[in-house]
Amino acid sequence: MTKKPLAWIVDSTAYITDTLKEHSDFFVIPLNIHFNEKQFIDGVDLTATQLYSKIKNAESFPKTSQPSAGEFAERYKTIAENYEQAIAIHVSSKLSGTLSTSANGAKIAGLPTTYIDSLSLSYGITGLIEKGMDMYDNGASVPEIKMQLDQMAGTMHNYILIGNLDQLYKGGRMGGIQFFLGSLLKIKPIVQISTEGELIAIEKVRSEKKALQYLIDKAKAGYDIGCRKFHIMHGNIVEQASYLKNVLLNELPGTEIVIGDISSTLAVHAGEGTLAVLWFD
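Scoring rules and cut-offs
- Residues numbered from 1 in each chain as written.
- Predicted model: local features only at pLDDT ≥ 70, side-chain atom pairs only at ≥ 80, totals over all residues.
- Heavy atoms only, no water.
- Helix = DSSP H or I, 4+ residues; strand = E, 2+ residues; numbered from the N terminus.
- Expected span 1.5 Å × (residues − 1).
- Buried < 20%, exposed > 50% of the residue type's maximum accessible area, 1.4 Å probe, protein only.
- Contact = heavy atoms within 4.5 Å.
- Polar contact = N/O pair within 3.5 Å; in protein donor to acceptor, adjacent residues only side chain to side chain.
- Core = buried A, V, L, I, M, F, W, Y, C linked by side-chain atoms within 4.5 Å.
- Axes fitted to C-alpha atoms, helices over the stretch in contact; angles between N-to-C directions.
- Parallel < 35°, antiparallel > 145°, perpendicular 65-115°, else oblique.
- Left-handed = near helix turned anticlockwise from the far one by under 90°.
- Nonpolar A, V, L, I, M, F, W, Y, C, P; charged D, E, K, R; others polar.
- Pairing = 2+ DSSP bridges.

## Comments concerning helix H8 (residues 208-224)
Step number 1: Relative to the 24 Å expected for 17 residues at 1.5 Å per residue, H8 spans 24 Å between its end C-alpha atoms, a close match to the ideal helical length.
Step number 2: Within H8, burial applies to Ala211, Leu212, Tyr214, Leu215, Ile216, Ala219, Gly222 and Tyr223.
Step number 3: Close packing links the buried residues of H8 with strand E8 (157-161), strand E9 (188-193), strand E10 (199-205), strand E11 (229-234), helix H9 (238-251) and strand E13 (275-279).
Step number 4: Backbone geometry just after H8 places Gly226 at a positive phi near 115°.

## As for the side chain of Thr113
Step number 1: Its location among the elements puts Thr113 in strand E7 (residues 113-117).
Step number 2: Side-chain polar atoms of Thr113 contact the backbone oxygen of Leu111, separated by 2.9 Å.
Step number 3: With near-sequence residues (within four places) excluded, Thr113 lies in contact with Ala86, Ala88 and Ala106.

## Some thoughts on the environment of Ala109
Step number 1: Relative to the helices and strands, Ala109 is located in helix H4 (residues 98-109).
Step number 2: With a relative accessible area of 17%, Ala109 lands in the buried category.
Step number 3: For the pair Ala109 and Ser65, spaced 44 residues apart in sequence, the C-alpha separation works out to 21 Å.
Step number 4: Residues contacting Ala109, with those up to four places away along its chain left out, are Ala73, Tyr76, Lys77 and Ala80.

## Focus: the nonpolar core
Step number 1: Counting residues in each nonpolar core, the largest one holds 48 residues, and the members touching the most others are Trp8, Leu51, Ile87, Ile89 and Ile129.
Step number 2: Among the elements that take part in this core, helix H5 (residues 123-137) stands out by supplying 6 residues, more than any other.
Step number 3: Contacts of Trp8, omitting those with residues within four sequence positions, involve His23, Asp25, Phe26, Phe27, Ile87, Ile129, Gly132, Met133, Tyr136 and Ile145.
Step number 4: By size, the runner-up hydrophobic cluster in this structure holds 24 residues, among which are Leu212, Cys227, Leu248 and Trp279.

## Considering the packing of H5 against helix H6 (residues 142-152)
Step number 1: Between H5 and H6, the least distance of the axes is 10 Å, while the angle of their chain directions is 150°. Viewed along their axes, H5 and H6 adopt a mutual orientation that is roughly antiparallel. Considering how the two elements wind past one another, H5 and H6 form a crossing that is right-handed. Here Gly127, Leu128, Lys131, Gly132, Met135 and Tyr136 of H5 come into contact with H6, specifically with Glu144, Ile145, Gln148, Leu149 and Met152.
Step number 2: Of the residues that constitute the contact of H5 with H6, the class distribution is 6 nonpolar, 3 polar and 2 charged.

## Here's the deal with the sheet that holds strand E5 (residues 63-65)
Step number 1: The strand order across the open sheet formed by 3 strands is E4-E3-E5, and the pairing between neighbours is antiparallel. Lying at the two open borders of the sheet, with one neighbouring strand each, are strand E4 (38-41) and E5. Averaged over all pairs of adjacent strands, the angle between strand axes in this sheet comes to 30°, irrespective of strand direction.
Step number 2: Of the pairings in the sheet, the one linking strand E3 (residues 32-35) to E5 comprises 3 bridges and is antiparallel in character. When the sheet's bridge partners are listed, His34 is paired in E5 with Lys63.

## A closer look at the side chain of Ser263
Step number 1: Turning to its location among the elements, Ser263 is positioned in the loop between strand E12 (256-261) and helix H10 (264-270).
Step number 2: Within the structure, the side chain of Ser263 is placed 3.0 Å from the backbone oxygen of Ser12, a separation counted as a polar contact.
Step number 3: Those residues within four positions of Ser263 in sequence are excluded, and the remaining contacts are Ser12, Thr13 and Asp42.

Quick look at the structure:
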């Protein structure tokens, strides 16, 4: 059997568009979510909606983990039966060990794989793979794609209003935002994935209204320097996300705005009520 030339692989922290879901050469490696001793597979036996419900009724917050190298290897062996090589784009290595474990799994499976550290998550991964697929369809080689995507990684503009800071803290992802801890009930924290792929605090506002205006102002700044496509990601607050979309469409003519859910893995850390605006130049 003749193998297909190239598979595209991401982990489940990525935002999976309908177009990607329908792509025959696209694969998602799901991460794991743990409630005490019980383990769920992100997007397979636990949806984001189910996760929010479980969190509300749980005595302790869930945790996440990447698959083991052996689990990656099993997935990669199946892919290797049908593909000559793969390009894998993963969540920032500063936030998770997924990339290194994935690389070990591919080595075990014998699947030649080119790796891209997105230095990001969610749409930061999606934007890279969309760019890579477009380049490939236009004749670019794998080394050319890697060079371009490595340069693009970490350049996503992102402003994230955290829905549940306590959840982020107990999940071990606080990083540089510990100074918010003294005012959890009063502060609306805005965080960002830096160009180095780390979670950092960039602002704290006193109300949801001010937080929303902050996101709007940042999108306007991006529009003023030429951006015409924005992504709004949310944690189970589609009405607020739709409101933000409508405001931006009214104030930023000629823009395309896409709304999407954060994955269950990200929802574990960011929490219900999270709202973010993201874009590439």
